Amino acid sequence: NFLHEKDQVMKYIAEHLDHTNGQKLEENLILKELEYFDSIVFVVVNNNKIGNYIVKVEFENVGNPSLGNEKTKIMVVENMKRNYFLVKKNSELNNTKYSLIYSIKKQ
């Protein structure tokens, strides 16, 4: 059940987010990456009291995640909330290699 899985991912994020270093995208906007079973969870945290952001993440030099043709992820992150997406890892390789390009637009 997809909804059940989403609840599990949200619970996992809540339990592990504070123990993970993040990359500051903009003031009060942080990207964090968490290992989650056979996936990587990319979480964008918007700590701004006012202002929603559209965050576009593009993968380059992908050595592992099984993105197929989906090399770009776009999400809206509302103020004082977080949003995430999952990327499955390629099980044949042990280490995951990629570089990311971000673009951020205030909504």
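Here the structure is a predicted model, which means the values were calculated and not measured.

Asks: So what's going on with the nonpolar core? Which residues, and what values?
Replies: Nonpolar side chains in soluble globular proteins tend to end up buried together. Ranked by internal contacts, the top residues of the largest apolar core, which has 15 residues, are Phe-42, Val-44, Val-55, Phe-59 and Phe-85. Breaking this core down by element, the ones donating at least two residues are β2 (29-36), β3 (39-46), β4 (53-60), β5 (72-77) and β6 (81-88). In terms of residue count, the dominant contributor to this core is β4 (four residues). Of all hydrophobic cores here, the second largest spans nine residues; its members include Leu-17, Leu-34, Val-43 and Tyr-84.

Asks: Help me get a handle on the pairing of strand β1 (residues 22-26), residues and values and all.
Replies: Relative to β2, β1 runs antiparallel, the two sharing four bridges. Residue pairing for β2: Glu-26 is matched across the bridge by Leu-29. Here β1 hands over to β2 after two residues, with Asn-28 in that stretch at a positive phi of 65°.

Asks: Please set out the sheet that holds β5 residue by residue, giving values where relevant.
Replies: The sheet built from three strands is open, its strands ordered β5-β4-β7 with antiparallel pairing. Looking at which strands have only one partner, the edges of the open sheet turn out to be β5 and β7 (99-106). In this sheet, adjacent strand axes meet at a mean angle of 20° when their direction is disregarded. Alignment of β4 against β7, held across eight bridges, turns out to be antiparallel. When the sheet's bridge partners are listed, Ile-54 is paired in β7 with Lys-105.

Asks: Mind laying out the packing of aromatic side chains, listing which residues take part and the relevant values?
Replies: Within this structure, the stated rule accounts for five aromatic pairs. With a centroid separation of 5.1 Å and 20° between ring planes, the pair formed by Phe-42 and Phe-85 is classed as stacked. With Phe-42 in strand β3 and Phe-85 in strand β6, this pair connects stretches of sequence that are 43 residues apart. In terms of burial, Phe-42 and Phe-85 fall into one category: buried. Ring centres 6.3 Å apart and planes at 80° place the aromatic pair Phe-59 and Phe-85 in the edge-to-face group. Of this pair, Phe-59 sits in strand β4 while Phe-85 is found in strand β6, placing the two residues 26 residues apart along the sequence. An identical accessibility class is assigned to Phe-59 and Phe-85; each is buried.

What counts, and where the lines are drawn
- Residues numbered from 1 in each chain as written.
- Predicted model: local features only at pLDDT ≥ 70, side-chain atom pairs only at ≥ 80, totals over all residues.
- Heavy atoms only, no water.
- Core = buried A, V, L, I, M, F, W, Y, C linked by side-chain atoms within 4.5 Å.
- Buried < 20%, exposed > 50% of the residue type's maximum accessible area, 1.4 Å probe, protein only.
- Helix = DSSP H or I, 4+ residues; strand = E, 2+ residues; numbered from the N terminus.
- Pairing = 2+ DSSP bridges.
- Axes fitted to C-alpha atoms, helices over the stretch in contact; angles between N-to-C directions.
- Phe/Tyr/Trp six-rings, centres within 6.5 Å; stacked < 30°, edge-to-face > 60°.

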